[in-house]
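As a plain string of letters, each chain reads:
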Amino acid sequence: MFKKILIANRGEIACRVIKTARRMGIQTVAVYSDADARAPFVQMADEAVHIGPAPAAQSYLIADKIIAACKQTGADAVHPGYGFLSERTSFAESLAAEGIEFIGPPVGAIAAMGDKIESKKLAKAAGVNVVPGFVGEIEDTEHAVRISNEIGYPVMMKASAGGGGKGMRLAYDEKDVREGFEATKREGLNSFGDDRVFIEKFILNPRHIEIQILGDKHGNILYLNERECSIQRRHQKVVEEAPSPFVTPKMRKAMGEQCVALSRAVGYYSAGTVELIVSGADPTGESFYFLEMNTRLQVEHPVTEAITGIDLVEQMIRVAAGEKLEITQDDVKIDGWAIENRVYAEDPYRGFLPSTGRLVRYQPPVEGWTDDGAANGRRGIDGVRVDDGVYEGGEVSMFYDPMIAKLVTWGATRDEAADKQVAALDTFEIEGLGHNIDFVSAIMQHPRFRSGELTTGFIAEEYPEGFHGAAASDETLEKIAAVAGFIATARADRARRVDGQLGVPLDPPGEWTITIGKTPFEVVIDEDEVLVNGRAVELAMEYTPGEHLVTAEVDGEMLGLKVAPSRSGLTITTRGAIHKLGVLPTRLAPLSQHMIEKIAPDLSRFLICPMPGLLVSLNVAEGDKVEAGQPLAVIEAMKMENILRAEKSGTVKAINATAGQSLAVDAVILELE
């Protein structure tokens, strides 16, 4: 067994590998950039080596620096995590040349499966169904247009060396191809150093199902069931679960055996994932096609660990050390259901724009996951597991992926796992930057999600006008009003106890008008009962003024509520929505109708940078006429390009930024007249 492992990665996956290595008695080495000098994974490792500036291209993507760190510390193996160098054959070859073990698959398998064009040819030769498409070299945009017309729209353009949702564009017509082909090439080059692109038919109503593979160096290859990863945004997975509500035992066996055959054809060992696209229009599940094989550990591996009890990181280490798998295919079971939500630094209320900055408050619902070695321990604390690599007061950088944490829940049934997600998300506190906690909570509660009728178009179809918070029932609003009335009474009670007031302290008001949206609720709080609109409500809670998070039992339902004071009352966040509450004593509430409503200024004539990022290109000059919807600029943030369009027609009056400039959020790029 290895004595010392270097983790060639950062963030939560570096923490994940370190925890298992520590349990196995293996020392660990972290490598870090300037941006990660105080990150948890650096503190957690036995040793740490600085490898360069914040941009990944100057640190985590430079193989020579990783190898130098191995030599400096005496590490005899490297775990690459996911992303960065995890699927780069030259890195694995360089490690082998130095006598350092790569904790991953053989170089030949990485080369065969890492190139999407070549992997499709191999899959086809191995008898695996592949999606119709063009797998040769594409010369230029005009060539891409001709190919797309021949295949038939819609088509998907993908960077050949891409992964993680990067370097992908969906085109519904020739205009989309012309607009997106060059951007796809640039994203491929910037993220993976390879600008080759391939084009394939886009399957309508598709489900994204993947099979987890595990093999050793002795020819044993298993499939560890499937994961459903259909809920995606911009081809980036948001929710993953295991097993899939769509897959039958017959389908699971057919998919698994095909994926094992493909793995065997390339001599695969270690952990890997074969991604399949399945036609949701075919209930038999027989219409499944090979998409790609990820020759590494997946972000969503904890859901597989939760239902099988198998520690994938430990198995990768043991396989790399030459050990045989101790389990057979018959040993692989499905115990319960697991769901993972990716908590991202992006603001769903502002079109999911990336949000970078400092984590002013970071309090997950349970302590971060620790690897105690027990199969049940992989399910976290009472079925709730948090994998993260951030800390309160730390910064989410623009240089890396926007994922803050992974929230994994396990239950005996799918509904139980989803219910645990909602409850855990209610008590997951993040302040200082935008995040998607409300959004994933809304998905967990959505009737279509609960029914299991999922496709990769779920988010676009269910939130076509963007996300504005989960819908709340009248019963939920009543419960929130009851809690708000209790909080208002507690705050008033504290206020009346302030020293130096004239006269005898007054009793705190117990009658409140709570306005949620435009709906008023009359709340009465007294020693004997709580009334909402005249109806008695059973309320059990404790609250000390100043608390950020409260737990209340209202009419038998437990609610976690995040509370913040506002000028007009309270802001309460729960069950996937932010509720702005007006809170006034009932005797004063009628006076509020005389308050003048403030009208927001019209900013439509300005092109405003929606996030911190790099201005890649500016498509207009002063004096140019533009039409509503016309692309004006491209901003790159967190490895993704975002096209900014004109809100209305006009003429460019002034330009305040230049291509190549780093811009702050809300910076004015240009002005129209």
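Use the structure listed above.
Parameters at a glance
- Residues numbered from 1 in each chain as written.
- Predicted model: local features only at pLDDT ≥ 70, side-chain atom pairs only at ≥ 80, totals over all residues.
- Heavy atoms only, no water.
- Pairing = 2+ DSSP bridges.
- Helix = DSSP H or I, 4+ residues; strand = E, 2+ residues; numbered from the N terminus.
- Contact = heavy atoms within 4.5 Å.
- Axes fitted to C-alpha atoms, helices over the stretch in contact; angles between N-to-C directions.
- Core = buried A, V, L, I, M, F, W, Y, C linked by side-chain atoms within 4.5 Å.
- Buried < 20%, exposed > 50% of the residue type's maximum accessible area, 1.4 Å probe, protein only.
- Patch = residues over 30% accessible without salt bridge, like charges linked within 9 Å, V, L, I, M, F, W, Y side chains within 5 Å.
- Areas by Shrake-Rupley, 256 points an atom, 1.4 Å probe, with all protein chains shown as cover.
- Salt bridge = Lys/Arg side-chain N within 4 Å of Asp/Glu carboxyl O.
- Lys, Arg positive; Asp, Glu negative; His and termini not counted.
- Charge placed at Lys NZ, Arg CZ, Asp CG, Glu CD.
- Phe/Tyr/Trp six-rings, centres within 6.5 Å; stacked < 30°, edge-to-face > 60°.

Quick look at the sheet that holds strand S39 (residues 640–645)
Argument step 1. On the basis of which strands lie adjacent, the open sheet formed by four strands has the order S39-S38-S36-S41 and antiparallel pairing. Since the sheet does not close on itself, it has two edges, and those belong to S39 and strand S41 (662–663), each with one partner.
Argument step 2. Where strand S38 (residues 631–637) and S39 come together, six bridges link them in antiparallel fashion. Residue pairing in the sheet places Ile 635 in a bridge with Asn 642 of S39.
Argument step 3. In this fold helix H8 (residues 174–192) packs onto S38 and S39, with an angle of close to 145 degrees to the strand it touches most, S39.

Digging into the nonpolar core
Argument step 1. In this structure, Leu 6, Phe 41 and Phe 91 are the most contacted members of the largest nonpolar core, which totals 63 residues.
Argument step 2. When neighbours within four sequence positions are excluded, Phe 41 is seen to be in contact with Asn 9, Arg 10, Gly 11, Ala 14, Cys 15, Ile 18, Ala 30, Val 31, Tyr 32, Asp 36 and Tyr 60.
Argument step 3. Counting residues in hydrophobic clusters, the runner-up holds 40 residues, among them Ile 231, Val 238, Phe 428 and Leu 454.

With respect to a negative patch on the surface
Argument step 1. A contiguous patch of negative charge, built from Glu 137, Glu 139, Asp 140, Glu 182 and Asp 195, is present on the exposed surface.
Argument step 2. Judged by its relative accessible area of 36%, Asp 140 is partly exposed.

Focus on the sheet that holds strand S8 (residues 168–171)
Argument step 1. Taken together, four strands build an open sheet; the order of strands is S6-S9-S7-S8 and the sheet is antiparallel. Whereas interior strands pair on both sides, the edge strands pair on one side only; in this sheet they are strand S6 (133–134) and S8.
Argument step 2. Across five bridges, strand S7 (residues 155–159) lies against strand S9 (residues 197–201) in antiparallel orientation. Of the residues in S9, the one forming a bridge with Ala 159 is Val 197.
Argument step 3. Across the sheet, helix H6 (residues 116–125) is in contact with S7 and S9; its angle to S9 comes to roughly 45 degrees.

Points about the packing of aromatic side chains
Argument step 1. Enumeration over the complete set of coordinates arrives at 10 aromatic pairs.
Argument step 2. Geometrically, the ring pair formed by Tyr 60 and Phe 84 is stacked, given 5.1 Å between the ring centres and 15 degrees between the ring planes. Of this pair, Tyr 60 sits in the loop between strand S3 (47–52) and helix H3 (63–73) while Phe 84 is found in the loop between strand S4 (77–79) and helix H4 (89–97), placing the two residues 24 residues apart along the sequence.
Argument step 3. The class for Tyr 60 is buried, based on a relative accessible area of 0%.
Argument step 4. Residue Phe 84 is classed as partly exposed on the basis of its relative accessible area of 23%.
Argument step 5. Relative to Tyr 400, the ring of Phe 399 lies with its centre 6.4 Å away and its plane at 55 degrees, an arrangement referred to as tilted.

Examining the pattern of salt bridges
Argument step 1. Applying the stated rule across the entire model yields 54 salt bridges.
Argument step 2. Taking the shortest distance from any N to any O, the salt bridge between Glu 87 and Arg 296 comes out at 3.0 Å. Of the two residues, Glu 87 sits in the loop between S4 and H4 while Arg 296 sits in the loop between strand S16 (288–294) and helix H10 (301–308), which places them 209 residues apart along the sequence.
Argument step 3. Overall, the relative accessible area of 26% leaves Glu 87 in the partly exposed class.
Argument step 4. Two residues, Arg 178 and Glu 174, come together in a salt bridge whose shortest N-O distance is 3.0 Å. With Arg 178 and Glu 174 both in helix H8 and four residues apart, this pair spans about one turn of that helix.
Argument step 5. Residue classification places Glu 174 among the partly exposed residues on the basis of a relative accessible area of 33%.
Argument step 6. Here the salt bridges do not stand alone but share partners, grouping Arg 16, Arg 23, Glu 305, Asp 311, Glu 314, Arg 318, Glu 323, Asp 371, Arg 378, Arg 385 and Asp 387 into one network.

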